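Residues per chain are reported as follows:
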Amino acid sequence: MPEVIFNGPAGRLEGRFHPAKKRNAPIALVLHLHPQFGGTMNNQIVYQMYYMFAQRGFAVLRFNFRGVGRSQGTFDHGQGELSDAAAALDWVQTVHPDARACWIAGFSFGAWIGMQLLMRRPEVEGFISVAPPANLHDFSFLAPCPSSGLIIHGDNDKVVPQKDVQTLVDKLKTQKGIVINHQTIPGANHFFENDMDDLLERCGGYLDERLGLTPEDYIPID
């Protein structure tokens, strides 16, 4: 789990990078929740999704948005953080130029940033959006959403009510050419306390289904 420092638009950004063993392995970027509400790349959901991708042979990066941890800069209400995410994806693509595919995963605020990034990057072929804050941020930019993906949240989420996520999903499902897999975890709150295993099992299962993988294909992670 090498620590990496790469250049972002507001200064250096701090991350953790797991390189892939195969030159043409897919790449993944995992984005954390809101920086002003304790969000960092070491959030448990971000950390576990990072390993989920690594276990499936991805070159994967998680990093701290500007102003978090040792990343330079200050919080920029989403605009700067989107630029940070684009710089992070650029960095991974520089390290793995032969990658055959690209995925983006995000939790809460990170899901909002990730969905914006996939609108700008046609190479992104899949996404995992955990508890997207559809009541707090405008998702109308997904017109149309260019990639198929998973939207997953809890039905006991007090930060992002289920009805707001359902409205977003219903809108996306009317679009042709993509498939939105929508899953709700009964009893789960916004942070999936006591429901982490269920969340990761569902996310991993979706990834396996899309990639045609079985547990026999997993790579041991040190």
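Residues numbered from 1 in each chain as written. Predicted model: local features only at pLDDT ≥ 70, side-chain atom pairs only at ≥ 80, totals over all residues. Heavy atoms only, no water.

Comments concerning helix H2 (residues 79-95)
Moving on, step 1. The end-to-end C-alpha distance of H2 is 25 Å, a good match for the 24 Å that 17 residues give at a rise of 1.5 Å each.
Moving on, step 2. When we look at burial in H2, the residues that qualify are Gly-80, Glu-81, Leu-82, Asp-84, Ala-85, Ala-87, Ala-88, Leu-89 and Val-92. (Helix = DSSP H or I, 4+ residues; strand = E, 2+ residues; numbered from the N terminus. Expected span 1.5 Å × (residues − 1). Buried < 20%, exposed > 50% of the residue type's maximum accessible area, 1.4 Å probe, protein only.)

Focus: the pattern of salt bridges
Moving on, step 1. Per the counting criterion, the structure on display carries 10 salt bridges.
Moving on, step 2. Taking the shortest distance from any N to any O, the salt bridge between Arg-70 and Glu-3 comes out at 1.7 Å. A residue pair is termed long-range when its members are at least 10 positions apart, and Arg-70 in the loop between strand S4 (59-63) and H2 and Glu-3 in strand S1 (residues 3-8) qualify at 67 residues.
Moving on, step 3. By relative accessible area, which is 41% here, Glu-3 ends up partly exposed.
Moving on, step 4. For Arg-121, the salt bridge identified is with Glu-123, shortest N-O distance 3.0 Å.
Moving on, step 5. In this structure Glu-123 comes out as partly exposed when scored by relative accessible area, which is 31%.
Moving on, step 6. When salt bridges with common partners are traced through the structure, they connect Glu-3, Glu-14, Arg-16 and Arg-70 into a single cluster. (Salt bridge = Lys/Arg side-chain N within 4 Å of Asp/Glu carboxyl O.)

By themselves, these observations are geometric and do not establish any function.
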